[in-house]
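Observations on the three-dimensional arrangement
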Number of protein chains: 2
Amino acid sequence: MNASKISPTIGILGGGQLGKMLAQAGADWNLDISVLDPTPDSPASCCAKQILGNFRDYEAVLEFGRDKDLITIEIEDVNLDALRVLKGRGKKVYPDPDAVALIQDKGLQKEFYSRHGFPTSEFILAANATEILQLEEAGKLKIPFVQKLTKAGYDGRGVQIVNEITDLDNLFDAPSVIESLVNIKKEIAVLAARNVSGEIITYDPVEMIFHPTANLLLYQECPAELDDTINTKAKSIAHELISKLNIVGLLAVELFINQHDEILINEVAPRPHNSGHHTIEACSTSQFHQHWRAVLDLPLGSADTLHHSILLNVLGESGYSGDAIYSGIDKCLALPGVYIHLYGKKQTKPFRKMGHVTIIGKDIDQVRDIAKEVSKTLKVIA
Amino acid sequence: MNASKISPTIGILGGGQLGKMLAQAGADWNLDISVLDPTPDSPASCCAKQILGNFRDYEAVLEFGRDKDLITIEIEDVNLDALRVLKGRGKKVYPDPDAVALIQDKGLQKEFYSRHGFPTSEFILAANATEILQLEEAGKLKIPFVQKLTKAGYDGRGVQIVNEITDLDNLFDAPSVIESLVNIKKEIAVLAARNVSGEIITYDPVEMIFHPTANLLLYQECPAELDDTINTKAKSIAHELISKLNIVGLLAVELFINQHDEILINEVAPRPHNSGHHTIEACSTSQFHQHWRAVLDLPLGSADTLHHSILLNVLGESGYSGDAIYSGIDKCLALPGVYIHLYGKKQTKPFRKMGHVTIIGKDIDQVRDIAKEVSKTLKVIA
């Protein structure tokens, strides 16, 4: 490779923690990175140039892309019209705006899975609340079901479970995907990467462990404890999917395993993902380095898992809002195999993602014990 | 630990590759880091605020330190008078200016080793060339010997070997340490870290492999192939030395092993060091994270070696000067266990350190084969 290939002028839409960690990884190769983000002093600004502006705004994205050779994203909710114009002007835009458009719309996403034979839970598309009520009255829809807005749902927003008749009074009145409720045995995620030349690699599945009653992610464990058959199938779904979606970069695929050991695609994200943060310390190639390899059309790195790992999100403590204060860091850093990442968000609020901690080790039981200790100790207050 | 302990305003004297990698590691904890460096767009500027100024200049260092809570260094050739004033004003200055003063002067350093019983090659101090000639005539000095200027020697500058009588015509005419030539069997380095509370940790010794005829470092290998006795003794010397020198931060100790398996201290550096770059991928805690743990008085991280590793410096190719072009990166990234670090120096010149590559693996022979391939493939031209 000559210099021109590794030294394009790069723009990232979004300067949150994913943009920050992309920029940190890019610094190893001295990549020239700017981020577009509306919040001054965004997390990424510590290691990238920041242009103040909204990545959802047509003009802002167009202007940001003007002097860039390559534009990529850390969030999928971006202005695609502007990205299409930039692509038309010969800029490299990865992932492709059309792939992002399909993923932005949960309805199109579900239809895509059906059309290409990817396993996913049964669904019906509905234009609004009235249509959902009609479907239910006609017996075409059985309670309980899940209503997901086709657009703007993110991190649990725009998703609700209709458990009983009275819940029908609170339906979202907007285009929705109605899914039958999956009897979930496990939730896993598989990260895939694909470079410009079409090389594909998949990481080992990660298992999400939720609170038994509250719908709250407690931690993620890698590798997931799975039968070989399920493990292989999950990776193969992610492999096929990144190819069929024509994505260059990363694709995080969240999957359900139901009580019949069937694998169903839940959601996907065409970018670095929370479920892949453990790759920084626990895998041969971090998802952030892998993203750069993919979009720069370099050979992909090994996705081998080197250590057992648990990933904990560091969330703003309930009851505290304001200037963030981190307590318990020194105690956690005294424990073996603990890697703390603080994103640099100045303000904390309840459940805001302020950082993450990866715990690695040879023995998963020890890793679990240490994770419990970290979870009890590290707090973000104000 | 409360927030105040991890969130001081930090200044680093020097913004080269060591400052850059310190800043990259600091970004994981969202540390507030500025560097003082006279070269615009210094390597560290990609992930730290840069103040333009000379770290050897009294006023520049004083001004830089004015609004900092903690000042540290990535190079030992800095203005110590200014650091002493800043320390007097209650700033945290690590390592201590007195320790750096001792290390800046190779004469004082040698006398320190003698006084405290640390093993080092025999030496005489001389004020100038005339004194050296008189010592030689009086039979107190046997050719061959090494002349090292007590000050301003760095990376081989200010050091020469007097092999024969005629070499006496080219003596440096300045204060020097005259050392007897060591019959070297191996050259190794041991990195030690010490935090404010006095906790000390040492990494496994690294072996430097030189070209059999040219005085050129070919690569570094970790762990060094050593007898247990020598291994333990080398680590214990580094442990004792960082304590006796009262250093908070890192101390890289370069050691000779002679043909009688005696260990002799060659040189030390009170900062992150080239011989410790493999720690980023090959050890539990990188030297850069360890430095921050030490100066922030956090518990030190494990120094365990997780993988066999070889470290190659990426030097500017002989015969090329100008805007740097990197060739062979794609081929190298296709090899397993290869981690490339480019420092972002815009201009290359023969033998300039432009980056480094760490190769890790389970099998040292395979690591050596891949290192050879990388060494042949990756070139910096202009």
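Notes on the structure follow. (Residues numbered from 1 in each chain as written. Chains lettered and ligands numbered in written order. Predicted model: local features only at pLDDT ≥ 70, side-chain atom pairs only at ≥ 80, totals over all residues. Heavy atoms only, no water.)

1. Structural notes on the overall build of chain A
Condition: By definition, any uninterrupted DSSP run of H or I lasting at least four residues is a helix, any uninterrupted run of E lasting at least two residues is a strand, and each is numbered from the N terminus. To get the radius of gyration, use the C-alpha atoms; to get the globule rule, take the number of residues to the power 0.38 and multiply by 2.2 Å. Exposure is judged per residue with a 1.4 Å probe applied to protein chains only, and the accessible area is read against the type maximum: over 50% gives exposed, under 20% gives buried, and values in between give partly exposed. Two residues form a contact once any of their heavy atoms are found within 4.5 Å. Here, Shrake-Rupley sampling with a 1.4 Å probe gives the accessible areas, and only protein chains in the shown set may cover a residue. Counting rule for charge: Lys and Arg are taken as positive, Asp and Glu as negative, and neither His nor the chain ends is counted. Charge positions come from single atoms, namely NZ of Lys, CZ of Arg, CG of Asp or CD of Glu.
Counting secondary structure elements, chain A contains 12 helices and 22 strands. Against the compact-globule benchmark of 21 Å for 382 residues, chain A has a radius of gyration of 21 Å, which places it among compact chains. In chain A, which comprises 382 residues, the proportion classed as buried is 57%. For chain A, long-range pairs separated by at least 24 residues make up 62% of all intrachain contacts whose partners lie at least 6 apart in sequence. Summed over its atoms, the accessible surface of chain A is roughly 15700 Å², and 49% of this surface lies on carbon and sulfur atoms. Between the averaged position of the 38 positive side-chain charges in chain A and that of its 50 negative side-chain charges there is a distance of 4 Å.

2. Considerations on the packing of helix α3 (residues 58-65) of chain A against helix α4 (residues 80-88) of chain A
Residue and element names in this part refer to chain A. Here is the rule we go by: Axes here mean lines fitted to C-alpha atoms, for a helix over just the part in contact, with angles spanning 0 to 180 degrees between N-to-C directions. Oblique is the label for any angle not covered by the other classes, which are roughly parallel (under 35 degrees), roughly antiparallel (over 145) and roughly perpendicular (65 to 115). Handedness of a crossing follows from how the near helix is turned relative to the far one, being left-handed for an anticlockwise turn of less than a right angle and right-handed for a clockwise one.
The geometry of α3 relative to α4 is characterised by a closest axis approach of 8 Å and an angle of 30° between their N-to-C directions. Between α3 and α4, the interaxial angle falls into the category roughly parallel. Crossing angle aside, the handedness with which α3 passes α4 is right-handed. Together, Y58, V61, L62 and G65 of α3 and D81, A82, L83, V85 and L86 of α4 make up the contact between the two elements.

3. Here's the deal with the sheet that holds strand β6 (residues 123-126) of chain B
Residues and elements named next belong to chain B. Going by this rule: Two strands are counted as paired when DSSP detects at least two bridges linking them.
Taken in spatial order, the 4 strands make up an open sheet running β6-β9-β7-β8, and their pairing is antiparallel. One side of each edge strand has no neighbouring strand; the edge strands of this open sheet are β6 and β8 (159-162). In this sheet, adjacent strand axes meet at a mean angle of 25° when their direction is disregarded. As paired elements, strand β7 (residues 145-149) and β8 share 4 bridges and run antiparallel to each other. The partner of Q147 across the bridge, within β8, is Q160.

4. A look at the relation of the copies chain A and chain B
One chain copy maps onto the other through a rotation about an axis and a shift parallel to that axis. Note the threshold: The copies are overlaid by a least-squares fit using only the C-alpha atoms of residues whose pLDDT is at least 70 in both copies.
Expressed as a screw transformation, the operator carrying chain A onto chain B has a rotation angle of 180° and an axial translation of 0.0 Å, and the superposed copies differ by an RMSD of 0.0 Å. Taken together, the rotation angle and the small translation identify this as a two-fold axis. In terms of C-alpha distance to the rotation axis, chain A has A:C47 as its closest residue, with the C-alpha 2.0 Å off the axis. Of the interface residues in chain A, 100% have counterparts in chain B that sit at the interface too, so the contact is made through matching surfaces.

5. Regarding the sheet that holds strand β7 (residues 145-149) of chain A
Residue and element names in this part refer to chain A. Taken in spatial order, the 4 strands make up an open sheet running β6-β9-β7-β8, and their pairing is antiparallel. Of all the strands in the sheet, just β6 (123-126) and β8 (159-162) have a single pairing partner and so form its edges. Averaged over all neighbouring strand pairs, the angle between strand axes comes to 25°, with direction disregarded. Pairing of β6 with strand β9 (residues 176-180) involves 4 bridges; the strand directions are antiparallel. Across the sheet, I124 pairs through a bridge with I178, a residue of β9. Of the strands in this sheet, β6, β7 and β9 are in contact with helix α6 (residues 106-115), which crosses β6 at around 145°. Of the strands in this sheet, β6, β7 and β9 are in contact with helix α7 (residues 129-137), which crosses β6 at around 135°.

6. Some words on the interface of chain A and chain B
One frequently used descriptor of interface size is the decrease in accessible area upon assembly of the parts. Put simply, the rule is: Once two parts are put together, the accessible area they lose, assessed with a 1.4 Å probe and summed over both, is termed the buried area. Polar contacts here mean pairs of N or O atoms no more than 3.5 Å apart (in protein, one a potential hydrogen donor and the other a potential acceptor; neighbouring residues in sequence count only if both atoms are side-chain atoms). Residues are sorted three ways: Asp, Glu, Lys and Arg are charged, Ala, Val, Leu, Ile, Met, Phe, Trp, Tyr, Cys and Pro are nonpolar, and all the rest, Gly among them, are polar.
Tallying the contact residues gives 34 residues for chain A and 34 residues for chain B. Interface area, chain A with chain B, both sides summed: about 2900 Å², of which 54% is carbon and sulfur. Counting across the chain A and chain B interface gives 13 residue pairs in polar contact (both at pLDDT 80 or more). Considering each element in turn, the side of chain A that touches chain B owes the most residues, 5 residues, to strand β19 (residues 338-342) of chain A. Tallied by class, the residues present in the side of chain A that touches chain B amount to 21 nonpolar, 9 polar and 4 charged.

7. Quick word on the pattern of salt bridges
The test is simple: Put simply, a salt bridge is a Lys or Arg side-chain nitrogen that is within 4 Å of an Asp or Glu carboxyl oxygen.
Considering all chains together, one arrives at 36 salt bridges over all chains under this definition. Among the salt bridges present, the one from B:R84 reaches B:D98, with a minimum N-O distance of 3.0 Å. Of this pair, B:R84 sits in helix α4 (residues 80-88) while B:D98 is found in helix α5 (residues 97-104), placing the two residues 14 residues apart along the sequence. Between B:K106 and B:E267 there is a salt bridge; the shortest N-O distance is 3.0 Å. Of this pair, B:K106 sits in helix α6 (residues 106-116) while B:E267 sits in strand β15 (residues 263-269), and the two are 161 residues apart along the sequence. For B:K106, a relative accessible area of 12% gives the class buried. Here the salt bridges share partners, and the residues they tie into one network are A:E221, A:E225, A:D365 and A:R368.

8. Observations regarding the packing of aromatic side chains
Rules: Aromatic pairs are defined between Phe, Tyr and Trp rings, using the six-membered ring for Trp, whenever the two ring centres lie within 6.5 Å; interplanar angles under 30 degrees are classed as stacked, those over 60 as edge-to-face, and all others as tilted.
One pass over the structure, following the stated rule, counts 4 aromatic pairs over all chains. Plain terms: the ring middles of B:F112 and B:Y113 are 6.4 Å apart, the flat faces sit at 75° to each other, and that makes the pair edge-to-face. Judged by relative accessible area, B:F112 falls into the buried class, the value being 5%. By the ring-pair criterion, three or more aromatic residues cluster together here, those being A:F112, A:Y113 and A:F118.

9. Here we look at empty space enclosed by the protein
Test applied: Here a cavity is any set of points on a 1 Å grid over the protein atoms alone where a 1.4 Å probe fits but cannot get out, and a pocket is any open set with protein on both sides within 12 Å along at least 5 of 7 lines; a residue lines the site when it has an atom within 4 Å of a point. Grid points are joined across faces, edges and corners, and a volume is the space filled by probe spheres set on the points.
Counted by the stated rule, this structure contains 5 cavities of 30 Å³ or more. Each pocket or cavity is described by its volume, and for the largest cavity that value is around 960 Å³. What lines the largest cavity is a set of 45 residues, among which A:I280, A:E281, A:H289, B:I280 and B:H289 lie closest to the centre. Of all elements in the fold, only α2 (17-27), α9 (279-282), α10 (287-295) and β19 of chain A together with α2 (17-27), α9 (279-282), α10 (287-295) and β19 (338-342) of chain B reach the threshold of two or more residues within the lining of the largest cavity. Tallied by class, residues from the lining of the largest cavity come to 23 nonpolar, 16 polar and 6 charged. In this structure, the second largest cavity spans a volume of roughly 70 Å³. Lining the second largest cavity, in full, are A:K106, A:Q109, A:K110, A:Y113, A:K148, A:V177, A:E179, A:N266 and A:E267. At the level of elements, α6, β9 and β15 (263-269) of chain A are the ones that each hand at least two residues to the lining of the second largest cavity. Counting residues per element, the lining of the second largest cavity draws most heavily on α6(A), which supplies 4 residues. A class-by-class count of the residues in the lining of the second largest cavity yields 2 nonpolar, 2 polar and 5 charged.

10. As for the pairing of strand β4 (residues 70-73) of chain A
Residue and element names in this part refer to chain A. As a reminder, the rule being used: Here a crossover is taken to be right-handed if, once the strands point away from the viewer, the path from the first strand over the helix to the second is traced clockwise.
The alternating pattern of β4 places L70 and T72 and I71 and I73 on opposite faces, both of which are buried. Where strand β1 (residues 9-13) lies against β4, 4 bridges are found, and the strand directions are parallel. Residue G11 lies in a different strand from β4, and its bridge partner there is I71. Where β4 lies against strand β5 (residues 92-93), 2 bridges are found, and the strand directions are parallel. Bridge pairing in β5 links I71 to V93. Chirality of the crossover, the property in question, places the unit of β4, α4 and β5 among those that are right-handed.

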